[in-house]
Amino acid sequence: MSQDKVLSLVSLATKAGKTASGEFSTEKQVKSGRAAAVIVAEDASENTKKRFRNMCEFYKVPVYFYSDKASLGRAMGKELRASLAVLDEGFAGGMKKHLGTEEQMRRGGSGYVEN
C-alpha cells in the first residue's frame, strides 16, 4: 500500500536527518529554501493547511496533504506532527511518486497540491 511506503520514506528520511517537523521548523525550512517538499496532516486545522498551502505556493515548494498527525509523528519517532519538511530531493521524489498514485486516486484526483 502506498501509505506504508510514504510513511516508511518519512521514517528513513528522519533517520538520515533529512526532515524538519513542527510548524515553526517546517516554516523556517520552506522560507530558507531548504525544503524539497512539505507534508501536512489531513487532520491538521484548516488554518494550518491554508497557511502551508499559501506559503508553499509563494516559495514554489510542493505541498501534500496526507495521513494524520498520529501516523506522521509515529513515522518520525515523535509525538503528533501536523507538518514536516523533507530536506532531500531524493526522498521528496520517492514520496511524490507514491503520493501521486493511490492516494490521488482514492481522493478523486486531489491527493496533493504541487506547485
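The structure displayed is predicted, hence computed values, not measured ones. (Residues numbered from 1 in each chain as written. Predicted model: local features only at pLDDT ≥ 70, side-chain atom pairs only at ≥ 80, totals over all residues. Heavy atoms only, no water.)

Explain the nonpolar core to me, using residue names and the numbers behind them.
Counting residues in each nonpolar core, the largest one holds 20 residues, and the members touching the most others are Val10, Ile39, Leu84, Val86 and Met95. For this core, the secondary structure elements donating two or more residues are helix H1 (2–15), strand E2 (37–40), helix H4 (69–76), strand E4 (83–86) and helix H5 (89–106). Per-element accounting of this core gives the leading share, 5 residues, to H1. Excluding residues within four positions of it along the chain, Val86 makes contact with Lys18, Arg34, Ala35, Ala36, Ala37, Phe91, Ala92 and Met95. The next biggest cluster of nonpolar side chains, apart from the first, holds 15 residues, and it includes Val38, Met55, Val61 and Ala85. (Core = buried A, V, L, I, M, F, W, Y, C linked by side-chain atoms within 4.5 Å. Buried < 20%, exposed > 50% of the residue type's maximum accessible area, 1.4 Å probe, protein only. Helix = DSSP H or I, 4+ residues; strand = E, 2+ residues; numbered from the N terminus. Contact = heavy atoms within 4.5 Å.)

I'd like a description of the environment of Thr19, backed by residues and values.
Position of Thr19 relative to the elements: it lies in strand E1 (residues 19–21). Note: C-alpha distance between Thr19 and Gln29 (10 residues apart in sequence) is 9.3 Å. For Thr19, the contacting residues outside a window of four places in its chain are Val10, Ala13, Thr14, Met76, Leu84, Ala85 and Leu87. Within the structure, Thr19 has its side chain in polar contact with the side chain of Thr14 (distance 3.1 Å). (Polar contact = N/O pair within 3.5 Å; in protein donor to acceptor, adjacent residues only side chain to side chain.)

Give a description of the pattern of salt bridges that names residues and reports values.
Per the stated rule, a full pass over the model turns up 4 salt bridges. Between Arg51 and Glu27 there is a salt bridge, with the nearest N and O atoms lying 2.9 Å from each other. Here Glu27 lies in helix H2 (residues 23–32) and Arg51 lies in helix H3 (residues 46–59), a separation of 24 residues in the sequence. (Salt bridge = Lys/Arg side-chain N within 4 Å of Asp/Glu carboxyl O.)

Please set out H4 residue by residue, giving values where relevant.
Residues Ser71, Leu72, Gly73, Ala75 and Met76 constitute the buried set of H4. The N-cap of H4, judged by a side-chain oxygen 3.1 Å from the amide nitrogen of Ala70 a few residues on, is Asp68. At the C-terminal side of H4, Gly77 shows a positive phi close to 75°.

So what about the environment of Tyr64? Which residues, and what values?
Here Tyr64 lies in strand E3 (residues 63–65). When its relative accessible area of 2% is taken as the criterion, Tyr64 is described as buried. Taking the C-alpha atoms as reference points, Tyr64 and Ala41, 23 residues apart in sequence, are found 8.4 Å from one another.

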